Amino acid sequence: MNNYYLSLGADHPDYPGYVRITAPTRDDARQLMEAHHGHDWTGCFETFDELDSHQRVQRDYLIFDHLTGEALAWTCHICKEKRPDSKIEVTQRTLLEADNAPVYNVRYCIDNDECQNCIDAFIEQQRGVLN
């Protein structure tokens with residue numbers, strides 16, 4: 001897998017900036033970029049140094065999934081939406097108040113305040129399922 005840096009075009013709302021894509025080939029990187037950001041990008045570079053200094057703000061990060069041929073994605077436990085890897089974070093919480101209690105990994109959207117604010121309520125709901 002290689003890293004590619006695709007700069008966002010002036011017509012893109014996140015311009016200036018770039019998307020880092022980890023993919024096996026340049027063509028795979030371009031396909032992921034089109035699927036997630038449309039055609040509003042200007043160039044595909046193989047090293048970060050090729051980007052102009054004003055464009056060196058990372059706006060997104062996509063990872064090629066060999067199984068699907070698409071961007072690696074996860075389902076948020078809170079909103080149940082499938083999101084790219086770069087938009088999902090994981091926090092660990094225990095479901096039981098006991099020593100050696102199993103740890104539960106909660107996936108949530110990092111760009112959605114509602115998902116972040118509902119993690120504790122989600123854990124309480126999961127505890128209720130266990131009781």
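Treat the numbers as computed from the prediction; the structure is a model and nothing was measured.

## So, the nonpolar core
Stage number 1. Ranked by size, the top nonpolar core spans 14 residues in total, and within it Leu6, Val19, Ile21, Ala29, Leu32, Met33 and Leu62 carry the most contacts.
Stage number 2. Those elements that place two or more of their residues in this core are strand S1 (2-8), strand S2 (18-23), helix H1 (26-37) and strand S3 (41-45).
Stage number 3. The contacts of Ile21, once residues within four sequence positions are left out, are Asn2, Asn3, Tyr4, Leu6, Ala29, Leu32, Met33 and Leu62.
Stage number 4. Listed in part, the 11 residues of the second largest apolar core include Cys76, Ile88, Cys109 and Cys115.

## Some details on the pattern of salt bridges
Stage number 1. Counting across every chain of the model gives 4 salt bridges.
Stage number 2. The shortest N-O distance in the salt bridge between Glu81 and Arg83 comes to 3.9 Å.
Stage number 3. In this structure, Arg83 and Asp111 form a salt bridge, with 2.8 Å as the shortest nitrogen-oxygen distance. With a gap of 28 residues between them, Arg83 in strand S6 (residues 82-84) and Asp111 in the loop between strand S8 (103-109) and helix H2 (113-117) connect regions that are remote in the sequence.
Stage number 4. Residue class for Asp111 comes out partly exposed when judged on its relative accessible area of 45%.

Each value, and the rule that gives it
Residues numbered from 1 in each chain as written. Predicted model: local features only at pLDDT ≥ 70, side-chain atom pairs only at ≥ 80, totals over all residues. Heavy atoms only, no water. Core = buried A, V, L, I, M, F, W, Y, C linked by side-chain atoms within 4.5 Å. Buried < 20%, exposed > 50% of the residue type's maximum accessible area, 1.4 Å probe, protein only. Helix = DSSP H or I, 4+ residues; strand = E, 2+ residues; numbered from the N terminus. Contact = heavy atoms within 4.5 Å. Salt bridge = Lys/Arg side-chain N within 4 Å of Asp/Glu carboxyl O.

Don't take any of this as a statement about function, it's just geometry.
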